[in-house]
Amino acid sequence: MRDLLAVWAGKAALGLSRRLGHGGSSLPGKVALRIQPDLLTAYGKKLRRGSVVITGTNGKTTTARLLASALRDAGLRLVHNRSGANLIPGLASAFLEQFVENPAPPDVALMEVDEAVFPDAVGRLRPVGVVVTNFFRDQLDRYGELDTTVSHVRRGLEAMAGEGFVALNADDPLVAYLGRGLRGRVTYYGVDDVRVGTKEMTQTREQRQCLVCGRILDYDVFYYSHLGDYRCPGGDFSRPPLTLKATDVALDGALGADFTLRGGGPRDLRVTVPVPGLYNVYNGLAALAAAIMLGIPVERAVSSVAEAAPSFGRMERIAMDDREILMALVKNPTGYNQVLSTLLGQASDARPRWFLMALNDKYADGTDISWIWDVDFEAMAARESAVAGVVASGTRSHELALRLKYAGLPAAKIACVPSLSEALDRTLGSVPTGGTLYVTPTYTAMLELRNVISRRGYAPQFWEGEV
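As the structure is a prediction and not an experimental result, all values here were calculated from the model.

A. Geometry of the pattern of salt bridges. One pass over the full model with this rule turns up 23 salt bridges. Residue Glu324 pairs with Arg317 through a salt bridge whose shortest N-O separation is 2.9 Å. We classify Glu324 as partly exposed; its relative accessible area is 23%.

B. Here's a closer look at the sheet that holds strand β16 (residues 414-416). Strand order in the open sheet formed by six strands is β12-β13-β17-β14-β15-β16, and the pairing between neighbours is mixed. Among the strands making up the open sheet, the edge pair consists of β12 (314-320) and β16. Direction aside, the axes of adjacent strands within the sheet are offset by 20° on average. Inspection of the sheet shows β12 paired to strand β13 (residues 323-328) by six bridges, in the antiparallel sense. Note on β13: the bridge partner recorded for Ala319 is Glu324. Relative to the sheet, helix α14 (residues 397-407) contacts β14 (353-358), β15 (387-393) and β16, its axis offset from that of β16 by approximately 165°.

C. Looking closely at the pairing of β12. β12 sits mainly inside the fold: five of its seven residues count as buried. Hairpin connection between β12 and β13: a loop of two residues separates the two successive antiparallel strands, and Asp321 in this loop has a positive phi of roughly 55°.

What counts as what
- Within each chain, residues carry numbers counting from 1 in the order of the written sequence.
- In keeping with the predicted nature of the model, local features appear solely for residues at pLDDT of at least 70, side-chain atom pairs appear and are counted solely at 80 or more, and the whole-chain, interface and lining totals rest on all residues.
- Hydrogens and water molecules were not included; the side-chain quantities draw on all heavy atoms of the structure.
- One speaks of a salt bridge when a side-chain nitrogen belonging to Lys or Arg is within 4 Å of a carboxyl oxygen belonging to Asp or Glu.
- Whether a residue is buried, partly exposed or exposed follows from its accessible area with a 1.4 Å probe, protein chains only, as a fraction of its type maximum: under 20%, in between, or over 50%, in that order.
- Strands pair, by our definition, only if DSSP identifies at least two bridges between them.
- The way it works is that DSSP assigns letters per residue, a run of H or I at least four long becomes a helix, a run of E at least two long becomes a strand, and they are numbered from the N terminus.
- Interaxial angles span 0 to 180 degrees and are taken between N-to-C directions of axes, which are lines fitted to C-alpha atoms, for helices over the stretch in contact.
- Every residue pair with non-hydrogen atoms within 4.5 Å of one another is taken to be in contact.

This is the structure we're talking about:
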C-alpha cells in the first residue's frame, strides 16, 4: 500500500508540475521518496538489464545523451534522467516519468549522478556499469576541496564490489588512479594525438602531484587543464594503457569534431561527434566505451553517436527567426575555458561574435562565484577583433561584467543587463541577419533562458519529445 501511495503521489506531482510548466525533474521523486524511501531500489530491481551510472564533474549529460542514442538504436528501452536532475529525487522522478508513459519495465536505467550522491545511488541501483568522466573544482560551497569529490566516487566504486564494468578517463590522473586495485572489468579511454595538445599548460590545473609519492607529474602533452599523457618522475604512477583511444582528432571550432577510434574493434573507425570541442571528444569516447562494454557492436554505436542530437543547453543550436542561438552551459573554470576556446575558434577566424554571458548564484549553480576569476576571459581580450560585444546577465551580472573588464575587454564592448529576457532581446537584436548569438549561462540561468525561448515557441520544453 505504501508503494502504491508513493507512486500515485509522485505521478500527481509530476502532472501538476508539467501543467505549471516546470517539467517535474525532482519534485515527483521528492514526494514519492518521502512516502516510500526504498522506492528507487524497488524500481531498480524491475530493470531487465540493470543500471548504468555516469558521474564526474563535466560531461555527464552529454555522455549520457550519446550513450542513450546507442542504447535506443540497439533496441533497448530506457529510463533516463534526461533533464539532468542528478540527485536521488531526480533519479526517482525519471523512473516515475517512465512508468507513467509505459508501465512495462524498461531494459536499462541510464542515470547521470552527482558525485556527492554517487555512493548512495550505487547502493540503491547496484549498477552493471559506471562511467567516470573527469574531476575539476566545482561548486566549492557544496563539495569543498576536490579531494572530497574524488573520495565520494571512490567509495561508490568500492561499493560495487567488483560487479559490473567501470570506464575511466585515463587522461585525468584523478580518475585513472581510481582504477588501481579496483576489482571487476576496468576499461580506460583517452586521447592520443599530440597535435591537439600543448607542451605547457597556462590555464588552471587541478592536479599536479603524483598521487602515490607526491612528486610533480611530468607531461608529454597537455590536452586541457590537467588532462594529458603524464607520468611520475619516480615511476610510481603514469597514465594507464588506453583500451580505447581517439587519434587523428579534427576540431572545427563551433561546428563539430571528429576522430579515429582505435581499440574498440578489429579495425579503426572514424567517429563524428555531433557537438564541438575537444571536451566532447572525451564525452564521445566515454559513451562508446560504455556501449562496447554493454555488448553493442562498435559500428552500430559509432553510427548512433553521430546521429545523436545535443542535450538541451549543451552546445544546443536553436533557430530564432532569421538568427541562431548556440547555447553552451558553463559551471566551472575548466569547462568555461573549453567552451570559450571552442566558440572563439581558430586565431585566423576574426569574424565578430556577439556573446550573452549569464551568471546566477542559486544553489544549483553554486553560491560561491569566485571561480569566475579562474576563467581565462583574457583569451577573449586577446582576440578582441573576434568579439563584437558581450552582454552580462543573471543575478550576478555586475560581478561578471567587472571580471570581463579586468580581463582587458574594452568597456565599450561590455553591457550589464540583469534580466535574462531583456538581455536575450538586446543581444539577439545586435546579431546580424543569418548570424549566431553565443550564449554561455550557468545552470539555472540556462533553464530560465530555455524557458523564455520555449514560451516564445522557438524550442520545445526539455520534457517534450525524444531527448
